[in-house]
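Coordinates in review
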Amino acid sequence: MTRNLEPHTNCVLLFGRPFGDPFRLYFRTIMSRLASHGTQIYFFKPFYEYVSEWIDDTMEIAGTFSTPDNLPSNADVMLSIGGDGTFLEAVTYVRDKGIPVAGINSGRMGFLADIAKENISKALDSILYGLYIVEERTLLELKSDQDLFGNFNFALNEITVHKRDDSSMIMIKAFLDDQFLNSYWADGLIVSTPTGSTAYSLS
């Protein structure tokens, strides 16, 4: 007995960076796969400006987004097209909105962007029909008296406090849950998530 699956993912966000010519064919595969399922597609605006000339006129684009505040409210998943760096940037747009991010690697295999070019069709079918498991990850949020990073004060890997190039070592007093932890006399201090520490170990 076979079961007829209905599409589960109706709205997809596409985030990416420029890629090499060999990946153009795979990008067309992504677009045609999404279009064949009648999926609403929203592009990160700079990425859309890069790929718009390769998008078939018959493929309808629902819109674009350029900041975390104008993501469509009905987004089911974000596809990050690039490498691990692209994936890390994509997460700063999703933040704590509960939108899963899947990384499609446009170059070599990555740790976070782990969908290889050869597996795009199979992976997209799984995503579109909801046949996947969401792996929750910890994000870091930086709060400061100075507006250091504006709206992009989230990180998936780590946040680093570092001395200026022209300064000697610095004293860093660390607190955990408002309790004094330790004082560090060093060049800097890295506060890492489990994702970041795993990436360091693998590298």
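Residues numbered from 1 in each chain as written. Predicted model: local features only at pLDDT ≥ 70, side-chain atom pairs only at ≥ 80, totals over all residues. Heavy atoms only, no water.

In this structure, Arg 95 takes a positive phi of about 55 degrees despite not being glycine. For Arg 95, the position within the fold is in the loop between α3 (84–94) and β5 (101–105). Note on Arg 95: relative accessible area 17%, which makes it buried. We note that Asp 178 has phi near 65 degrees; this positive angle belongs to a residue other than glycine. If you trace the backbone, Asp 178 turns up in the loop between β9 (170–176) and β10 (179–186). (Helix = DSSP H or I, 4+ residues; strand = E, 2+ residues; numbered from the N terminus. Buried < 20%, exposed > 50% of the residue type's maximum accessible area, 1.4 Å probe, protein only.)

As a further point, take the pattern of salt bridges. Within the structure shown, the criterion is met by four salt bridges. Linking Arg 24 and Asp 21 is a salt bridge whose minimum nitrogen-to-oxygen distance equals 3.2 Å. Asp 21 sits in the exposed class, given a relative accessible area of 54%. A salt bridge links Arg 33 to Asp 125; its shortest N-O distance comes to 2.8 Å. Of this pair, Arg 33 sits in helix α1 (residues 24–36) while Asp 125 sits in helix α4 (residues 120–128), and the two are 92 residues apart along the sequence. Judged by relative accessible area, Arg 33 falls into the partly exposed class, the value being 28%. A relative accessible area of 22% places Asp 125 in the partly exposed class. (Salt bridge = Lys/Arg side-chain N within 4 Å of Asp/Glu carboxyl O.)

Glancing now at the sheet that holds strand β2 (residues 40–44). The strand order β3-β2-β1-β4-β5 describes an open sheet built from five strands, whose pairing is parallel. Of all strands in the sheet, those bounded by a partner on one side alone are β3 (63–65) and β5. For this sheet, the mean angle separating the axes of adjacent strands, direction not counted, is 25 degrees. Here five bridges tie strand β4 (residues 77–82) to β5, and the two strands are oriented parallel to one another. Residue Met 78 lies in a different strand from β5, and its bridge partner there is Val 101. Running at roughly 150 degrees to β4, α3 makes contact with β1 (11–16), β2, β3, β4 and β5 of the sheet. (Pairing = 2+ DSSP bridges. Axes fitted to C-alpha atoms, helices over the stretch in contact; angles between N-to-C directions. Contact = heavy atoms within 4.5 Å.)

This part covers the packing of α1 against α4. Remark: α1 packs on α4, axes separated minimally by 10 Å, with the N-to-C direction vectors making an angle of 30 degrees. Taken together, the axes of α1 and α4 are roughly parallel relative to one another. As for how α1 packs across α4, the hand of that crossing is right-handed. Facing Tyr 26, Thr 29, Ile 30, Arg 33 and Leu 34 of α1, the residues of α4 in contact are Ile 120, Ser 121, Leu 124, Asp 125 and Leu 128. Grouping the constituent residues of the contact of α1 with α4 by class yields six nonpolar, two polar and two charged. (Parallel < 35°, antiparallel > 145°, perpendicular 65-115°, else oblique. Left-handed = near helix turned anticlockwise from the far one by under 90°. Nonpolar A, V, L, I, M, F, W, Y, C, P; charged D, E, K, R; others polar.)

Interpretation in functional terms is not warranted from these geometric data alone.
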